[in-house]
Amino acid sequence: MTERKITIVRANQRAVSCSWATKQVVRFGTNGSTTTQIVDLCLTKNLAFSRSATLQVPGDDAIWLLSDDGKPELARAEAFGSPEALQFLLSCLEAAELSENRIVRLIIPLERGTISRSDIVPLRLKDASGVEHVVSFSMPLQFFPGDVLDLGVASLPELFRSSAGGALLQSLPSGEPTRRKPIVSAEFEAEFEDKMSIPWVIPVPASRKRIVLVGCSSRDPQSGAWTTYACDAARALGIDLVIIEKPGCWIERNEYSGWYEALLPAGSWWSNPPGDDMANHIVTMIRSYGKKVDGIVAFLEPFVATVSRAAQQLGLPCQPAESYENATDKYKLAIFEGRKPFFGSTAEEALSFLARENLSYPLIIKPRLGLNSEGVVRVDDEAGIRPAVEMIQKTFYKSFTMERYCDGPEVDVNLVLLDGEVLFCEISDDFPKSGDKDDAGAHASQRNFLETYLVHPSALPTPELKMLRESISSTIRRLGFFSGIMHVEARVDGSSVKYRSVNGIQDLQPTETAARSNPPSPWVIEINPRPPGLTASRIVESVYGIDYFGVALALAIDDKERVRVLCRPFLSGAQYTGAMTLIGAEFDESCEGIFDSDDICEELLQRRPDLAQNINRYGCLAKRGQRIPHPSSGSNTFLAYFNVFSKSRKEALEIATEVRKEVRYSIR
């Protein structure tokens, strides 16, 4: 095979040979995906480079390119197309010097058009088998001409300049001769095809847009803020964000000033829940801003109906405000689903309702509006009513709803709806919490519904998964939604499976009871018209290659072309089992509630490196000295999360169980 070869010289006269085949390798798109030209660079440590040919390298990060004729050329970021491209090459050279040879794959789109989002290559490939490091070279909304490169003529800078991104593949397994020319593994080739088979270059023209974001997450980026993901997606999509928030929010800090175009401080009219005039104030602020706005969005449930009303006044894309109100109100939603819940604000009202309706225990009592499962309590007898109501009274919302407790397995159903069509739907298993346990003697504060494990994809039987998709999508349409991202929490009433522990590992197992007279049916708990909260959207990104916040922003500006592209999963669906392991705060009520540990994630991974190889994302969400509210206050607090992955569900659950067992923290 004919090859091009050059020598790359770094500081201290370190040299690496770089070669690539001149034969064209083109991957033709299937199912409408983008056709690409593949260039695999082979980097080999050049031990024979003559030190007599000394070159003055200006700085540790500078490099010389020596072609066949020996003429040196100083590599510059402009020639490579971007600083990111040149920096990526430098990191690849360092890797080659350590392992003697490496392969770098460059990806050149052969479709004429605009990149769907600038980080699409790392978004899809970062967890692919055999990939050590993957980088985007693209700018937001970058246009690609779609031309095939002549590899016999093109220079190394031209290869990088024409590429959307590159991936450094892992070195050869130990035991193989390192001087043998490396090859791309068949496993990586299969995953590359699986993950990049989407139309990631869009033929339609695109221009920068502006979106107003109303409200940020209460958590800052170090504590798991979803605002981080929304701002990252906006940058990659070429969207300028204008943020409306109350003064004093963490987003005001100088280190976050590059996240948005403008931060508009809300006035005294800002409240949660919002007042009747809040939509009018938002409209006034946007009109006073003086620049064209293409969309407005909120990712906080209390604000979505208000923002919808503001969008209607401004003539911007939106869903009906009434749909949001019915979806986010747990009492209204239960009635909409044909159930008969109770609504009140005192224990006396609840007890009177129980006597009148003759409800059987156990019951579930929860705030009518709320978040983070705060104030949600299971009650097994009459004596538990008053403590449950007292705990709810400590939360943000004082009124509550009460109904029968459904003991079926819980799931999260996330779906993308566009013009009434479900473009994507995935279901995960929401494992049992302390509140699901049969322990009538436990105090309400010890029986909360803070998540423990979220496992993707669900292990429910196929008929039950099909039933959930069809029934819940129908409910969302009946509520009046025609487009949007919906995060739905539900249970399967009368499921054919339940959770049991086998050898210390809990998972869904077939029930041992006789066949039920009624088929399994959905029990919708709540509908959140937004992406999953906290860091839950990140595990979906890893498992399916979809960033819900990017899709949500495209929906906010009615960019249907990009919505359809960005909610396309990998061809094979879930690439592995992903188990999001959530560590909630548990401590004695006599404690002061001061978090007295450093980064509990880093501590675990250093102590147990054997677990680290199956964890691709993690984060400590509490800081030393932070005051943690006790669950008896009605508040729930996550201290950390770990995203565990494996091709085997059994192994993923075993590792996740071990992670929970091994996490160490102190609260004094």
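Here the structure is shown first, and the text comes after it.
## Let's talk about unusual backbone geometry
The omega torsion across Asn272 and Pro273 is 5°, close enough to zero to call that bond cis. Of note, the amide linkage connecting Tyr361 to Pro362 takes the cis form, showing an omega dihedral of 0°. Mapped onto the fold, Pro362 is located in the loop between α11 (347-357) and β18 (363-367). Look at Leu141: it is not a glycine, yet its phi comes out positive at around 65°. Here Leu141 is to be found in the loop between β9 (131-136) and β10 (143-144).

## Points about the packing of helix α6 (residues 226-237) against helix α15 (residues 548-556)
Between α6 and α15, whose axes approach to 8 Å, the crossing angle comes to 60°. What the angle tells us is that α6 and α15 run oblique. When you trace α6 past α15, the crossing you get is right-handed. Note on element contacts: α15 touches α6 through Phe549, Gly550 and Leu553, opposite Trp226, Tyr229, Ala230, Ala233, Ala234 and Leu237.

## What about the nonpolar core?
Within the largest apolar cluster, 80 residues are counted, with the highest numbers of intra-cluster contacts made by Ile244 and Ile296. Of the residues forming this core, the biggest block, 7 residues, is contributed by helix α7 (residues 278-289). For Ile296, the contacting residues outside a window of four places in its chain are Ile211, Val212, Val214, Ile282, Ile286, Val307, Ala310, Ala311, Leu316 and Ala556. With 77 residues, the next largest nonpolar core counts Leu123, Leu169, Cys216 and Ala556 among its residues.

## Digging into the sheet that holds strand β30 (residues 638-646)
Taken together, 8 strands build an open sheet; the order of strands is β27-β24-β21-β22-β23-β28-β30-β29 and the sheet is antiparallel. Of all the strands in the sheet, just β27 (521-528) and β29 (615-620) have a single pairing partner and so form its edges. Taking the axes of each pair of neighbouring strands and ignoring which way they run, one obtains an average angle of 20° across the sheet. In the sheet, strand β23 (residues 453-456) pairs with strand β28 (residues 577-584) via 4 bridges, with the strands oriented antiparallel. Bridging from a neighbouring strand, Tyr453 pairs with Thr581 of β28. Against the sheet, helix α14 (residues 536-544) engages β21 (410-418), β22 (421-430), β23, β28, β29 and β30, with an angle of about 25° to β23.

## Some thoughts on the pattern of salt bridges
Inspection of the entire model under this criterion finds 52 salt bridges. For Arg208, the salt bridge is made with Asp240, and the minimal N-O distance between the two is 2.6 Å. One end of the pair, Arg208, is in the loop between β12 (201-202) and β13 (209-214); the other, Asp240, is in strand β14 (residues 239-245), with 32 residues separating them in the sequence. With a closest N to O distance of 3.0 Å, Lys560 and Asp419 form a salt bridge. Of the two residues, Lys560 sits in helix α16 (residues 560-566) while Asp419 sits in the loop between β21 and β22, which places them 141 residues apart along the sequence.

## Considerations on α15
Of all 9 residues in α15, 9 are buried, a share of seventy percent or more. Along α15, the residues classified as buried are Tyr548, Phe549, Gly550, Val551, Ala552, Leu553, Ala554, Leu555 and Ala556. For α15, the side-chain oxygen to backbone nitrogen distance between the N-cap and Phe549 is 3.2 Å, and the N-cap itself is Asp547. Residue Asp558 follows α15 closely and has a positive phi angle near 60°.

Criteria and cut-off values
Residues numbered from 1 in each chain as written. Predicted model: local features only at pLDDT ≥ 70, side-chain atom pairs only at ≥ 80, totals over all residues. Heavy atoms only, no water. Helix = DSSP H or I, 4+ residues; strand = E, 2+ residues; numbered from the N terminus. Axes fitted to C-alpha atoms, helices over the stretch in contact; angles between N-to-C directions. Parallel < 35°, antiparallel > 145°, perpendicular 65-115°, else oblique. Left-handed = near helix turned anticlockwise from the far one by under 90°. Contact = heavy atoms within 4.5 Å. Core = buried A, V, L, I, M, F, W, Y, C linked by side-chain atoms within 4.5 Å. Buried < 20%, exposed > 50% of the residue type's maximum accessible area, 1.4 Å probe, protein only. Pairing = 2+ DSSP bridges. Salt bridge = Lys/Arg side-chain N within 4 Å of Asp/Glu carboxyl O. Polar contact = N/O pair within 3.5 Å; in protein donor to acceptor, adjacent residues only side chain to side chain.

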